[in-house]
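Given next are the chains, with one letter for each unit.
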Amino acid sequence: MKNNDWYLRDSEEDFGEALHRRTEELYSIPDTQPDEDGLIECPVLPLRDLVVFPHMVSPVFLSQEAAILAVEEAQLNDQTVIALTLLDADVEEPGPQDFLPVGVETAVGRLLSMPDGSNSALVQGRRRVEVVEFVQLEPFLIVRARPVYETAEVDRETDATMRTALEMFQRCVQLDRSLPEEAYLFALNIKEPGWLGDMIITAIAPPLQNRQDLLLVLDPMERLKQVISLLAKEADVLELEDEIHTRAQSEVDRTQREFYLREQMKVIQTELGDSDPWAREVLELHNRVEHANLPEEAQLRALKEVDRLAQMPPMSPEVGIVRTYVEWILDLPWAAATEDNLDVRNAAVVLDRDHFGLPRAKERILEYIAVRSLNPKRLRQPILCFIGPPGTGKTSLGRSIAEALGRKFVRLSLGGVRDEAEIRGHRRTYIGALPGRILQTMRRAGTLNPLFMLDEIDKLGQDFRGDPAAALLEVLDPEQNNSFSDHYLELSYDLSKVMFITTANTTGTIPPALLDRMEVIEFPGYIEEEKLQIANRFLVPRQLEENGLQPEEITITDQAILRAIREYTYEAGVRNLERELGKICRKVARRKAEGKRFATRITAAYVERFLGPPQFFNQEADRQNEVGVATAVAWTENGGEIMPVEVLLVEGKGNMQITGQIGNVMQESAQAALSYLKSRARSLEIDADIFDQVDIHIHIPEGAIPKDGPSAGITMATALTSAFTGREVNCNVGMTGEITLRGRVLPVGGVREKVLAAHRAGIRTVLLPKRNVKDLIDLPKRARSELNIVPVEHMDQVLEVALVTQEKKTRVPRSRRKDNQEVAMEATSKPPTDPATIQPGV
Ligand code: ADP
């Protein structure tokens with residue numbers, strides 16, 4: 001039995017006035033003063049089965065005549081007694097040898113008569129005493145004893161020991177329902193180690209033997225240490241009890257559930273009768289729920305719904321709704337899972353078998369598998385984010401990863417998802433409500449741990465109907481996704497075993513909170529050589545097979561493939577290339593199926609026959625040096641593009657107009673370029689007056705794609721300079737970089753894709769901000785060796801490379817230069833001072 005009366009509780013009287021009065025009385029009894037020998041002389045309060053500790057208040061029961069006499073004597077003198085515990089509780093008339101040698105000087109409150117004739121009193125321990133001698137034996141005992149004075153000094157060791165004791169005590173209070181919370185608060189406020197030890201002993205009330213032993217320990221620190229080891233044992237026992245209790249509880253729950261199931265079945269049967277087809281249907285559903293191995297919460301919910309169903313007339317419109325709901329619960333994977341194949345070598349083989357290149361992504365996956373195989377339980381699922389232009393293998397690598405791991409593969413496109421309910425579902429109160437797309441996809445997966453690809457996470461929308469990104473955050477958060485909540489399902493669903501991979505074309509539009517959760521892996525665009533390899537090794541064999549052709553019977557030559565790449569596709573990835581190759585294979589397959597003769601060796605000439613007139617022309621042949629036209633290399637979601645920037649000067653008043661779906665940042669960038677040019681007019685040999693005599697029109701064609709950003713800054717400055725000086729721009733130079741008013745060139749983003757685009761377009765010299773050169777580490781060797789990358793820090797360097805030197809310029813045929821810009825130039829610009837740059841016709 002625990003002693004719950006360690007502080008101020010009395011079973012006979014209520015808390016309150018009476019108790020308060022009684023304790024006041026207790027506290028007012030003075031300690032007995034020591035004589036000249038340092039000893040105190042007091043009547044003995046003999047205790048059976050009980051130990052009183054200093055500072056603590058407890059009730060005692062007095063049945064023995066001698067005890068009552070001793071207490072009465074003490075109270076008569078307004079004096080304390082010495083509480084001595086009997087070594088053996090059964091001794092009838094105890095003598096000196098029957099007591100512990102250490103007792104406690106104790107104040108005793110008023111005696112209260114109990115119904116059974118015994119007496120009780122509240123006592124308060126004051127301090128330990130060592131018994132020196134018994135001075136009286138009859139009619140009650142009197143002893144002389146030496147008080148033990150404990151130091152209240154607290155050094156670092158004491159402090160640490162006290163803290164340990166407190167922590168362990170707190171643990172016990174948490175585990176033990178019979179220990180009130182206040183016990184810990186009380187202990188927390190004790191500032192002396194000895195007192196703390198005594199308080200804890202009284203509270204946890206260990207067996208009598210322990211209490212007696214601890215009373216005998218006079219050194220407070222030693223005592224506290226023994227209390228700590230006692231607490232440790234106590235906590236162990238309590239934890240065990242707790243565990244047994246929980247187990248017993250779940251056993252009870254299970255039996256209750258089974259009982260409930262059986263009862264429910266009976267109700268359905270009696271209500272509807274066995275023969276009723278509706279009853280049979282409901283029963284069947286009931287049985288499915290019962291045997292579906294659902295988690296408890298889901299099963300109970302489903303059963304409740306089946307119950308409702310049983311009570312509905314079969315024609316009720318609600319039947320369908322309830323049924324669909326139960327079916328959803330049954331169809332979701334709650335426990336089914338595949339076992340991961342964590343064989344790194346096998347994974348490496350699978351990834352290489354299906355994909356060319358992509359070293360970073362492959363390496364990261366193999367690392368993940370390796371770490372998982374070493375530490376299967378602990379590892380958090382990383383959330384990878386594959387970034388790159390379309391057709392660079394993001395999805396198909398995801399598929400291979402799933403295959404390598406032996407997981408199911410599912411995909412969900414987030415493009416254009418703007419409503420939270422699309423992710424999380426609609427409440428069932430809506431007619432036609434369904435779970436959100438996450439759970440729909442999980443149902444398709446059929447297992448709890450698929451590889452789940454979330455495509456186009458950069459195209460996520462947002463509007464007044466709630467923020468889907470917030471819902472996605474919950475899906476991707478390992479701390480929360482073990483209990484994902486869907487509005488329709490209304491049951492928490494565990495997504496924590498799912499391996500999520502997201503894909504996007506750009507990180508720019510991914511909500512930052514989401515981006516934070518993910519590990520970005522870039523998928524760069526491919527150069528021609530890589531595309532050729534991918535086509536030969538993967539795309540062609542796959543297309544042949546899909547179209548029922550044998551690899552031995554058809555060859556597509558490299559020249560044919562290159563032609564398809566150059567004249568029929570214009571892309572960073574290989575998606576369109578695969579489609580075009582597919583078309584070729586289909587044409588051949590058709591002839592074969594019709595029993596006609598068919599080409600077995602597809603050469604470049606066949607390509608045009610099968611695919612029609614070329615869609616893209618060789619841009620290199622088409623380009624020429626011009627005044628007022630410079631080439632920007634630009635980043636787009638589809639990879640990179642080259643983008644001409646045209647400048648036209650017409651008579652006017654110094655206004656500037658920019659067209660071609662241009663954003664604000666680009667507008668400002670054009671202003672900066674112009675200001676720079678004006679400030680450098682003199683050294684560029686431009687007459688400053690001309691700026692007020694012309695209007696400037698900058699145009700950036702290339703489709704109707706909206707363009708923005710500062711990275712065309714140096715291109716606009718180059719085109720402007722060209723237009724004002726009449727010097728041509730080298731058409732084989734591409735450039736990117738932001739410009740400052742003073743002509744410094746600042747770094748920009750997307751450099752690798754831009755450089756690849758330039759390479760694709762046959763541009764061989766690319767001007768890059770110096771600080772961007774580091775971004776080219778991963779550039780394929782071939783591209784690197786074919787390109788002339790010029791790092792620039794200042795506009796002067798740009799102009800030096802980009803503007804054509806005079807001798808070269810004179811070689812450009814006259815006829816070609818009679819275009820609009822030049823005519824306008826001729827009409828408006830004053831002849832530059834250098835006679836060699838005078839425009840023809842001026
Ligand atoms: P994304 O998801 O990046 O838009 P996909 O994964 O759909 O691109 O790739 C388009 C096609 O190109 C797929 O058939 C894919 O197998 C193929 N492909 C892309 N990159 C590679 C590569 N490195 N090796 C083999 N095939 C590739």
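Scroll up to find the structure.
Quick notes on the rules
Residues numbered from 1 in each chain as written. Predicted model: local features only at pLDDT ≥ 70, side-chain atom pairs only at ≥ 80, totals over all residues. Heavy atoms only, no water. Core = buried A, V, L, I, M, F, W, Y, C linked by side-chain atoms within 4.5 Å. Buried < 20%, exposed > 50% of the residue type's maximum accessible area, 1.4 Å probe, protein only. Helix = DSSP H or I, 4+ residues; strand = E, 2+ residues; numbered from the N terminus. Contact = heavy atoms within 4.5 Å. Near = heavy atom within 4 Å. Polar contact = N/O pair within 3.5 Å; in protein donor to acceptor, adjacent residues only side chain to side chain. Areas by Shrake-Rupley, 256 points an atom, 1.4 Å probe, with all protein chains shown as cover. 1 Å grid on protein atoms, 1.4 Å probe; cavity = no way out; pocket = protein on both sides within 12 Å on 5 of 7 lines; lining within 4 Å. Sits in = over half its atoms within 2 Å of the grid points. Nonpolar A, V, L, I, M, F, W, Y, C, P; charged D, E, K, R; others polar. Pairing = 2+ DSSP bridges. Axes fitted to C-alpha atoms, helices over the stretch in contact; angles between N-to-C directions.

1. Looking at the nonpolar core
Within soluble globular proteins, side chains that are nonpolar generally end up buried alongside one another.
Argument step 1. One finds I329, W334, I438, F452, L454, L472 and V475 to be the most contacted residues of the largest nonpolar core, which totals 56 residues.
Argument step 2. Broken down by element, this core gets its largest block of residues, seven residues, from helix α10 (residues 318-331).
Argument step 3. When sequence neighbours within four positions are dropped, the list of residues in contact with L472 reads L414, I423, L454, I457, L460 and L514.

2. Remarks on the site of the ligand
Argument step 1. Looking at the ligand, there are 19 residues lining it, with F356, K394, T395, R575 and E578 nearest.
Argument step 2. Interatomic distance of 3.2 Å between a backbone N/O atom of G393 and an oxygen atom of the ligand.
Argument step 3. At 2.3 Å from an oxygen atom of the ligand is found a side-chain nitrogen or oxygen belonging to R575.
Argument step 4. Burial of the ligand by the protein chains amounts to 91% of its free accessible area of 560 Å².
Argument step 5. At a threshold of 2 Å from the grid points, most atoms of the ligand map onto the second largest pocket.
Argument step 6. Counting only elements with at least two residues in the shell around the ligand, the list comes to α13 (394-405), α18 (528-546) and α20 (575-593).
Argument step 7. Of the residues in the shell around the ligand, the class split is eight nonpolar, six polar and five charged.

3. Brief notes about the sheet that holds strand β27 (residues 788-792)
Argument step 1. Taking strand neighbours across the sheet as the criterion, the seven strands line up as β20-β21-β19-β18-β23-β26-β27 in an open arrangement whose pairing is mixed. Of all strands in the sheet, those bounded by a partner on one side alone are β20 (656-659) and β27. Strand-to-strand twist across the sheet, computed as the mean angle between neighbouring axes with direction ignored, equals 30 degrees.
Argument step 2. Direction of pairing for strand β19 (residues 639-651) relative to strand β21 (residues 694-699): antiparallel, over a ladder of six bridges.

4. Concerning the sheet that holds strand β8 (residues 384-387)
Argument step 1. Taken in spatial order, the five strands make up an open sheet running β9-β10-β13-β8-β14, and their pairing is parallel. Edge positions in the sheet fall to β9 (409-413) and β14 (519-522), since each has one partner strand and no second. Between one strand and the next, the sheet's axes are offset by a mean angle of 25 degrees, whatever the strand orientation.
Argument step 2. Looking at chain direction, strand β10 (residues 451-455) and strand β13 (residues 499-504) are connected through four bridges and run parallel. When the sheet's bridge partners are listed, F452 is paired in β13 with F500.

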